[in-house]
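# Architecture and fold: a report
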There are 4 protein chains.
Amino acid sequence: MRIDLNADMGEGFGPWSMGDDTALLDVISSANIACAFHAGDPDHMAAVMRAAVTQGVGIGAHPGFADMQGFGRRRMSLSSEELGNLVAYQLGAAQAMARRAGGQVRHLKLHGALSNMAAEDASIARACFEAALAVDPELIVVVMPLTAMDEAAEALGAKRAGEVFADRAYTETGLLAPRGTPGAMIHDASEAAERVAAMLRAGGIVTGSGKVLPCRIDTVCVHGDSPDAVAMARALRGHLAAEGIGIARFG
Amino acid sequence: MRIDLNADMGEGFGPWSMGDDTALLDVISSANIACAFHAGDPDHMAAVMRAAVTQGVGIGAHPGFADMQGFGRRRMSLSSEELGNLVAYQLGAAQAMARRAGGQVRHLKLHGALSNMAAEDASIARACFEAALAVDPELIVVVMPLTAMDEAAEALGAKRAGEVFADRAYTETGLLAPRGTPGAMIHDASEAAERVAAMLRAGGIVTGSGKVLPCRIDTVCVHGDSPDAVAMARALRGHLAAEGIGIARFG
Amino acid sequence: MRIDLNADMGEGFGPWSMGDDTALLDVISSANIACAFHAGDPDHMAAVMRAAVTQGVGIGAHPGFADMQGFGRRRMSLSSEELGNLVAYQLGAAQAMARRAGGQVRHLKLHGALSNMAAEDASIARACFEAALAVDPELIVVVMPLTAMDEAAEALGAKRAGEVFADRAYTETGLLAPRGTPGAMIHDASEAAERVAAMLRAGGIVTGSGKVLPCRIDTVCVHGDSPDAVAMARALRGHLAAEGIGIARFG
Amino acid sequence: MRIDLNADMGEGFGPWSMGDDTALLDVISSANIACAFHAGDPDHMAAVMRAAVTQGVGIGAHPGFADMQGFGRRRMSLSSEELGNLVAYQLGAAQAMARRAGGQVRHLKLHGALSNMAAEDASIARACFEAALAVDPELIVVVMPLTAMDEAAEALGAKRAGEVFADRAYTETGLLAPRGTPGAMIHDASEAAERVAAMLRAGGIVTGSGKVLPCRIDTVCVHGDSPDAVAMARALRGHLAAEGIGIARFG
């Protein structure tokens, strides 16, 4: 069995850094690279693109709202036309930076508030994905299974990669259990790996009660914004190997 | 005889507009479209890209410094690496927006202070053009003939388009006569057209004393940031026709 | 009888202008000056501050969301702490620019989406106004009467100026009738002046059915973002004079 | 004998932090707080202002160029009018944030490229300081002694605080020895403290050859952008105490 590991990267900006991209690139198989709207800038993008190419990690564009101060985590009301242009612009910038680094953008994952809104509202997801596919019809769109985002991508005939979280519990409808809830966060890498293995074997998201919600699972999101997170990702990878699950890029 | 007419476009931003892009697209054959760093935003870019495709005008990326308030006209000190990333990023964004509009970016022209600095310093020009060509080796680079920018483009083996100004006098070394100088600005469209015709026939820039400085002349820059300017561009086109000079895209 | 006329100003940015501030300063008594987050920049602020001082017009800070491209018209989700800092920062910047121009900031009016959200949600209004009053307890807060914004300002013990629109119809609960609705927009200056006179005489907002909703009315909002708008404002001022209503700053 | 210790602070932005402001506030007597143009944002400013007030550290505005990505370290060409507005705006914003935190802005120190340019060119320094003094005539301006910046502040009759660097060698003309030069950087806190003590006793900057260049010395710049730097600052303070030099705010 094989699974992809993805993480957000290139989230420094100007003099500021975030996370240890180099360390994380050793662990993951797909990098979601910030496109200078909510984080990143052309210089940070260039550096992480080069590193991803060198380390053979799949390159993804990770567009977000134009809100650097809020790190793209604050909801903004944009029209469908604005959403499409926002995504197409960032995707194009990422493509050029990837090309210059000798690579290419293979996937797209929405960031922060934009992702949350697209998971809830298929028209938002559609506006984003349609624009991205107009730029590159072969793009693989990373989606949260069982959400409006997933439906929208499917309706557009997009290549999709279903994403699960190793360190989060799921509700009975397949959404992430809110962070406050008891048991919502899984802090043990071994337990996280077991959950991923269980979901892969079941072919769907396993909810709190143990119910299986069938869906495609292609990639596991790991976090990289702390030294701790890198250790967790590395441990997860080790435990997955112990479960007989190899790491390989989706697509 | 044929010549290209180019103009800067898409220089609105958010609620603000600049110039009459629609009117100007009827007159010119190449549009230099701002890439949201010194002017423009993804929505303005999308609109002008669509219009350029509809009207059959060649699309160019027009990157500048990240200085919206200063409209890219204030010099900034950037390293070669920063310059390259600045240009590659903007070019990629423009490519995606063009693709989505059903067109493609065919040329690149540097904007404002970035252009002035590249005309003076070949290492700056080289940093910009090398990055752009890494993104698209077929790109046509618009250059001011007889400047460091022209040398740099030639040294890189880039496809070039030499640009002259119809409404400006030239010094004996082929630079634009400073705006203050008597006779530096040509306000009459007929006279401007005659000058362009003379330069095309001579195969080079004609200086104040009548000396010919041989160089490639592929495109004439017209301005579009006032209703007046559109009328001037239209009149120039008419007078060029009267001189037997047709308008056609370079390249 | 006397009333204040207020208008948004200083809404240019960098090379872009908006409206004819100079012409409008002849008509109005209070200027709401953009603070470089949704429009304006330090240079535009300096120019309009100087003009307002010269023409004896009351100076107000007009803070908005940090969304230049969206002109502060797109809703953003901010915490109370963020809202307070957003407003305090912009107010302070305006105070310094006013002081340097020989004037002082006397009032504050929220802009665009921030204003709309504060009209609906007293906690948003409170976060904004509390921060502003911590910077200057004597500040006059411009409020839409009968809204959450008005309540919040009153609860904080702020000096208030109630604002009505001359060119908009009101619903039975005192809100602006949506722009689509028949009769929602008043295009005739004479009719607009009559409406203002009627509201002043009645001591409250007059709804579509003629009902009077008592509230404080201190200022009338006029628009300045088109040459047309300036003519409308001038005509309104003339018609108000004919109704025996003079123009004078509130406070 | 007494001296002030100053450090740059509030240099985080959005999700990014820089340095350990809390630790450093225990060591220094004056904080130069970034004003959201080259670093900082209203929320970071509010937090550091509150901490400075709590810890009794003097508050300064630390304006820089509007270049967040370049951290205000890239030179930009601005007119005198633009420079003045840039500084006045940021100073006003800092004043409001300080007032809201229960404090007040007492001094101003230019940042990065703006500071370097003002040290070389008195007209640039004058444009910045004149604007700041128009906002607050009592402001204390931190200057590099023996530079154009110092002259400009003196010519304006500004209250000044002369600043030296504990960890840098000086050339024979009183400028900082370039970082590459042997002996240019002092890494030992004890040696740095001895140098400060020597300069204070001599009443001027001590050059590489031991020559004394008389000037006012009111404050020593310490760095805070690394955990290391905080330790260095703390050690410097200890060694200064051992030399009989207490720490106290200037002014």
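Since the model is a prediction, treat every value here as computed from it, not as a measurement.

The next point concerns the overall build of chain A. When helices and strands are counted, chain A shows eight helices and ten strands. For chain A, whose C-alpha radius of gyration is 17 Å, the value lies close to the compact-globule estimate of 18 Å for 251 residues. Principal-axis analysis of the C-alpha atoms places the extent of chain A at approximately 40 × 35 × 35 Å. Here the contacts in chain A between residues at least 6 apart in sequence split such that 70% fall between residues at least 24 apart. Positive and negative charge centroids in chain A, built from 21 and 29 side chains respectively, lie 4 Å apart.

After a rotation of 180° and a shift along the axis of 0.0 Å, chain B superposes on chain A with an RMSD of 0.0 Å. Seen this way, the second copy is the image of the first under a two-fold rotation axis. Both copies present the same face, since 100% of the interface residues in chain B are matched by interface residues at the equivalent positions in chain A.

Okay, the interface of chain B and chain A next. Across the contact, 25 residues belong to chain B and 25 residues belong to chain A. Taken over both partners, the interface formed by chain B and chain A buries close to 2000 Å², and the fraction arising from carbon and sulfur atoms is 55%. When the area that chain B buries against chain A is broken down by residue, the three leading residues are N85(B), Y89(B) and R100(B), summing to 35%. Across the chain B-chain A interface, the total number found is two salt bridges. Of the charged contacts in the structure, one is a salt bridge between E81(B) and R50(A), with a shortest N-O distance of 3.3 Å. Applying the counting rule to chain B against chain A returns twelve residue pairs in polar contact (both at pLDDT 80 or more). Mapped onto the side of chain B that touches chain A, the elements with two or more residues apiece are α2 (42–54), α3 (80–100) and α5 (122–135) of chain B. Considering each element in turn, the side of chain B that touches chain A owes the most residues, 14 residues, to α3(B). Each residue belonging to the side of chain B that touches chain A can be placed in one class, and the counts come to 15 nonpolar, four polar and six charged.

Opposite the 16 residues of chain B that make contact, chain C presents 16 residues. Interface area, chain B with chain C, both sides summed: about 1100 Å², of which 70% is carbon and sulfur. Along the contact surface separating chain B from chain C lie zero salt bridges. If you look at where chain B meets chain C, you find four residue pairs in polar contact (both at pLDDT 80 or more).

Another point: unusual backbone geometry. Its identity as a non-glycine residue notwithstanding, A36(B) has a phi of 80°, on the positive side. For A36(B), the location among the structural elements is in the loop between β2 (30–34) and α2. One non-glycine residue, F71(D), lies in the positive phi region at around 55°. By the element assignment, F71(D) lies in the loop between β3 (58–62) and α3 (80–100).

Further remarks concern the environment of V141(A). Residue and element names in this part refer to chain A. Along the chain, the position of V141 falls in strand β5 (residues 140–143). With 21 residues separating them along the chain, V141 and G162 place their C-alpha atoms 8.6 Å apart. Dropping the residues within four chain positions of it, V141 is found in contact with L108, F129, A153, A158, K159, R160 and A161.

Our focus in this paragraph is the pairing of β2(B). All names here are of chain B. Most of β2 sits out of view: five of its five residues are buried. Residues of β2 alternate between two faces, with S30, N32 and A34 on one and A31 and I33 on the opposite face, all of them buried. One ladder, built from four bridges, connects strand β1 (residues 2–9) with β2; its direction is parallel. Along β2, the bridge assignment pairs M9 with I33. Of the strand pairs in this sheet, β2 and strand β3 (residues 58–62) are connected by five bridges, and their pairing is parallel. Note that in β3 the partner of S30 across the bridge is G58.

Counting across every chain of the model gives seven cavities of 30 Å³ or more. Reported here for the second largest cavity is a volume of approximately 80 Å³. Every residue lining the second largest cavity is listed: P42(A), D43(A), F65(B), A66(B), M76(B), L78(B), E82(B), L86(B), Q69(D) and R74(D). When its residues are assigned to classes, the lining of the second largest cavity shows six nonpolar, one polar and three charged.

The next subject is the pairing of β3(B). Residue and element names in this part refer to chain B. Within β3, five of the five residues are buried, which leaves the element mostly enclosed by the surrounding structure. What you see with β3 is no split at all: G58, G60 and H62 on one side and I59 and A61 on the other are buried throughout. Pairing analysis gives three bridges linking β3 to strand β4 (residues 105–108), with the strands arranged parallel. Across the sheet, the residue bridging to A61 is L108, located in β4. Traced from β3 through α3 to β4, the parallel crossover comes out right-handed.

Before going further, it helps to spend a moment on the packing of helix α4 (residues 112–120) of chain B against α5(B). Residue and element names in this part refer to chain B. Relative orientation of the contacting elements α4 and α5 amounts to 120°, with a least axis distance of 5 Å. Relative to α5, the element α4 is oriented oblique. Every residue of α5 that contacts α4 at L114, M117, A118 and E120 is listed here: A122, I124, A125 and C128.

This paragraph deals with the packing of aromatic side chains. A full pass over the atoms with the stated rule returns 22 aromatic pairs over all chains. Centroid distance F71(A) to W16(D): 6.0 Å. Interplanar angle 90°. Geometry classified as edge-to-face. One end of the pair, F71(A), is in the loop between β3 (58–62) and α3 (80–100); the other, W16(D), is in the loop between β1 (2–9) and α1 (21–25), on a second chain. We note that F71(A), like W16(D), is buried. Relative to F13(C), the ring of W16(B) lies with its centre 5.6 Å away and its plane at 35°, an arrangement referred to as tilted. Here W16(B), found in the loop between β1 and α1 (21–25), pairs with F13(C), found in the loop between β1 (2–9) and α1 (21–25), and the two come from separate chains. Given the relative accessible area of 1%, W16(B) is considered buried. Through a chain of ring-to-ring contacts, three or more aromatic side chains come together here, namely F13(A), W16(A), F71(A), F13(D), W16(D) and F71(D).

Residue and element names in this part refer to chain D. Mapped onto the elements, R106 comes out in strand β4 (residues 105–108). As a buried residue without a salt bridge, R106 has its nearest oppositely charged side chain in D4, at a separation of 4.8 Å. For R106, the side chain forms a polar contact with the main-chain oxygen of F250, separated by 2.5 Å. Those residues within four positions of R106 in sequence are excluded, and the remaining contacts are S30, G58, I59, L139, I140, R249, F250 and G251.

Below, the discussion takes up the pattern of salt bridges. Residue and element names in this part refer to chain B. Here the structure, examined in full by the defined rule, presents 46 salt bridges over all chains. R74 is paired through a salt bridge with D67; the nearest N and O atoms lie 2.9 Å apart. Here R74 matches D67 in class, with each residue buried. Of the charged contacts in the structure, one is a salt bridge between E138 and K159, with a shortest N-O distance of 2.7 Å. In this pair, E138 is assigned in the loop between α5 and β5 (140–143) and K159 in strand β6 (residues 159–165), connecting sequence segments 21 residues apart.

Within α4(B), the full set of buried residues consists of A113(B), L114(B), S115(B), M117(B), A118(B) and A119(B). Close packing links the buried residues of α4(B) with α3, α5 and α6 (148–155) of chain B.

Quick look at the state of the cysteines now. The tally for this structure, following the rule as stated, stands at zero disulfides over all chains. The cysteine C128(B) is free of any disulfide, with C35(B) supplying the nearest cysteine sulfur at 12 Å. Here C221(D) is not disulfide-linked; the sulfur of C215(D) is the nearest cysteine sulfur, at 15 Å. Looking at C221(D), the relative accessible area reads 6%, which means it is buried.

All names here are of chain A. Relative to the helices and strands, E120 is located in helix α4 (residues 112–120). Spatially, the C-alpha atom of E120 lies 6.7 Å from that of T147, the residues being 27 residues apart in sequence. Excluding residues within four positions of it along the chain, E120 makes contact with R75 and A148. Looking at E120, its side chain comes within polar contact range of the side chain of R75, at 2.9 Å.

About the criteria used
Residues numbered from 1 in each chain as written. Chains lettered and ligands numbered in written order. Predicted model: local features only at pLDDT ≥ 70, side-chain atom pairs only at ≥ 80, totals over all residues. Heavy atoms only, no water. Helix = DSSP H or I, 4+ residues; strand = E, 2+ residues; numbered from the N terminus. Rg over C-alpha atoms; globule rule 2.2 N^0.38 Å. Contact = heavy atoms within 4.5 Å. Lys, Arg positive; Asp, Glu negative; His and termini not counted. Charge placed at Lys NZ, Arg CZ, Asp CG, Glu CD. Least-squares fit on C-alpha atoms with pLDDT ≥ 70 in both. Buried area = accessible area lost by both parts, 1.4 Å probe. Salt bridge = Lys/Arg side-chain N within 4 Å of Asp/Glu carboxyl O. Polar contact = N/O pair within 3.5 Å; in protein donor to acceptor, adjacent residues only side chain to side chain. Nonpolar A, V, L, I, M, F, W, Y, C, P; charged D, E, K, R; others polar. Buried < 20%, exposed > 50% of the residue type's maximum accessible area, 1.4 Å probe, protein only. Pairing = 2+ DSSP bridges. 1 Å grid on protein atoms, 1.4 Å probe; cavity = no way out; pocket = protein on both sides within 12 Å on 5 of 7 lines; lining within 4 Å. Points joined across faces, edges and corners; volume = space filled by probe spheres on them. Right-handed = clockwise from strand over helix to strand, strands pointing away. Axes fitted to C-alpha atoms, helices over the stretch in contact; angles between N-to-C directions. Parallel < 35°, antiparallel > 145°, perpendicular 65-115°, else oblique. Phe/Tyr/Trp six-rings, centres within 6.5 Å; stacked < 30°, edge-to-face > 60°. Disulfide = S-S within 2.5 Å.

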